[in-house]
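Residue strings, one per chain:
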Amino acid sequence: MSVAGGSERLTGRISDFGPLFEYAAKLVLLTSFLELILYRLLSRLGMHLSKMAAEHPWITPTFTALTEVGTWLINIVAVLLFLALTLIMINRWKGHNPSWLVRGGVIGTALLVLLTILFLVVEPGMLGAVIYNGLTLVVVTAFVSEYWITHRESAQRVLITTYYLGVSGWLYYQIVSSLYSWMGVLAAPPLAYESHRAGEAFMLLASYLVFVAYGKSRSLSLRTKNRQQLSRAMWFWGVTMIVFATLIIADYLLDLYSPAFASAFRQASQGIGWIFQFGMGYTFYLPFAIYVGGLLCWSYTVVKLLMTGRMAGYGIGLMFIAGYALLFSNLTLMVVLGVMLLATDRAKAATAEVSTREGSVMPASERLITGHV
């Protein structure tokens with residue numbers, strides 16, 4: 001009798017692409033995170049400490065040194081991004097029967113890299129910004145479409161759609177604003193402000209959906225029958241809800257207790273929001289607790305995926321480290337590389353193996369149908 005056994009294996013692990021690409025991707029993620037902390041965040045924090053710097057002389061040289069390190073990290077990130085993108089483009093192009101979406105996305109990515117190098121020498125201007133952001137939107141659309149086709153889970157499709165709407169909101173805002181400036185039109189572009197606000201909301205929602213699509217675990221499920229896992233899940237979600245609710249109503253309670261202290265607390269939170277606004281592009285027009293919750297969901301999911309060597313961990317990490325406002329070319333390339341890595345990580349059904357024992361009484365015509373004689 002014939003025994004057929006089908007298995008599903010995970011393709012697209014970081015180790016499947018060779019040691020050079022593996023270490024390049026790891027270094028890109030590490031240096032991008034350090035650049036976010038040391039340059040985009042801490043350098044802005046130093047601007048808030050001008051009054052303290054007059055009393056403490058060590059503050060100015062410390063933050064100046066950190067900013068210099070962050071500036072060097074920008075260049076290092078750019079070189080590593082070029083290397084990682086080149087390697088993954090070659091791999092995707094030479095892959096097994098790449099679709100027209102993959103080939104189009106690879107060609108667009110190559111043009112985007114060439115434009116980035118060109119704009120380092122030649123000032124792009126407003127028209128160059130329109131072309132660059134428009135090409136970025138086309139490339140991201142190609143790989144998001146590939147992800148939608150190759151991933152069947154509804155949670156993953158909702159995630160990539162929400163993230164795409166978030167990035168598209170920022171790219172549309174940049175394209176129409178640059179186009180109107182290039183044409184010399186003084187009127188406000190249509191739906192520019194609305195797309196910017198909606199894009200930030202979609203990006204924030206995507207940080208929660210990352211946990212739903214990739215971070216869920218049986219140990220945190222409330223449907224499990226295991227008492228130990230159920231107790232652990234109840235503690236986790238209970239503490240999470242308490243912290244979230246506390247952050248939501250803290251401002252109201254502080255205002256009832258001491259209006260002066262509440263005002264100082266609001267100014268401090270506005271300062272934090274200002275830092276993140278320039279560091280990651282969020283304007284913090286939504287409650288601060290929602291941003292904190294999204295950051296926790298994203299952080300947990302990325303760490304979980306990285307511990308198992310999943311390509312999705314590196315992709316999601318880069319996509320959100322780049323932030324919302326893609327003000328620099330290296331941030332744009334982070335998003336492109338992140339989406340490419342996320343689209344590469346998927347489960348693929350392996351070919352069923354069929355073994356036939358000698359002396360089988362199966363008719364020859366049926367054995368021929370199975371492909372094993």
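Everything that follows concerns the structure shown earlier in this document.
Residues numbered from 1 in each chain as written. Predicted model: local features only at pLDDT ≥ 70, side-chain atom pairs only at ≥ 80, totals over all residues. Heavy atoms only, no water.

A. Spatial organisation of the pattern of salt bridges. In this structure the tally under the stated criterion is three salt bridges. Glu 146 is the salt-bridge partner of Arg 92, the closest N and O atoms lying 2.3 Å from each other. With a gap of 54 residues between them, Arg 92 in helix H3 (residues 59-93) and Glu 146 in helix H5 (residues 125-150) connect regions that are remote in the sequence. Taken individually, Arg 92 and Glu 146 each receive the classification buried, so the pair is uniform in this respect. For Arg 310, the salt bridge identified is with Asp 345, shortest N-O distance 2.9 Å. Placement of Arg 310 in the loop between helix H10 (288-307) and helix H11 (311-321) and of Asp 345 in the loop between helix H12 (329-344) and strand E3 (346-349) is noted, with a sequence separation of 35 residues between them. (Salt bridge = Lys/Arg side-chain N within 4 Å of Asp/Glu carboxyl O. Helix = DSSP H or I, 4+ residues; strand = E, 2+ residues; numbered from the N terminus. Buried < 20%, exposed > 50% of the residue type's maximum accessible area, 1.4 Å probe, protein only.)

B. Representation of the environment of Ala 325 in the model. With respect to the element layout, Ala 325 can be found in the loop between H11 and H12. A C-alpha to C-alpha distance of 8.9 Å links Ala 325 and Leu 171, two positions 154 residues apart in sequence. Ignoring anything within four residues of it in the chain, the contact list for Ala 325 reads Trp 170, Met 280, Gly 281 and Leu 331. (Contact = heavy atoms within 4.5 Å.)

C. Main features of the side chain of Arg 157. By the element assignment, Arg 157 lies in helix H6 (residues 154-183). Within the buried set, Arg 157 has no salt-bridge partner at all; the shortest N-O distance to an opposite charge, 9.8 Å, is to Glu 153. For Arg 157, the side chain forms a polar contact with the main-chain oxygen of Trp 148, separated by 3.1 Å. Among residues more than four places away in sequence, those in contact with Arg 157 are Trp 148, Ile 149, His 151 and Arg 152. (Lys, Arg positive; Asp, Glu negative; His and termini not counted. Polar contact = N/O pair within 3.5 Å; in protein donor to acceptor, adjacent residues only side chain to side chain.)

D. Spotlight on unusual backbone geometry. Phi is positive for Leu 191, close to 60°, though the residue is something other than glycine. Mapped onto the elements, Leu 191 comes out in the loop between H6 and helix H7 (192-215).

E. Looking closely at the environment of Gly 309. Note that Gly 309 resides in the loop between H10 and H11. Spatially, the C-alpha atom of Gly 309 lies 9.8 Å from that of Glu 22, the residues being 287 residues apart in sequence. The contact partners of Gly 309, leaving out residues within four places of it in the chain, are Arg 13 and Ile 14.

F. Quick peek at the layout of surface pockets. In this structure, the second largest pocket spans a volume of roughly 540 Å³. Listed by contribution, the elements that provide at least two residues to the lining of the second largest pocket are helix H1 (19-47), H7, helix H9 (259-280), H10 and H11. No other element matches H10, which puts ten residues into the lining of the second largest pocket. (1 Å grid on protein atoms, 1.4 Å probe; cavity = no way out; pocket = protein on both sides within 12 Å on 5 of 7 lines; lining within 4 Å. Points joined across faces, edges and corners; volume = space filled by probe spheres on them.)

G. Geometry of a nonpolar patch on the surface. Taken together, Met 126, Leu 127, Ile 131, Trp 182, Met 183 and Val 185 make up a surface patch of nonpolar side chains, about 560 Å² in accessible area. Of all the secondary-structure elements, those providing two or more residues to the nonpolar patch are H5 and H6. The greatest single-element share of the nonpolar patch, amounting to three residues, is contributed by H5. Here Met 183 shows up in helix H6. Accessibility expressed as a relative area gives 46% for Met 183, which makes it partly exposed. (Patch = residues over 30% accessible without salt bridge, like charges linked within 9 Å, V, L, I, M, F, W, Y side chains within 5 Å. Areas by Shrake-Rupley, 256 points an atom, 1.4 Å probe, with all protein chains shown as cover.)

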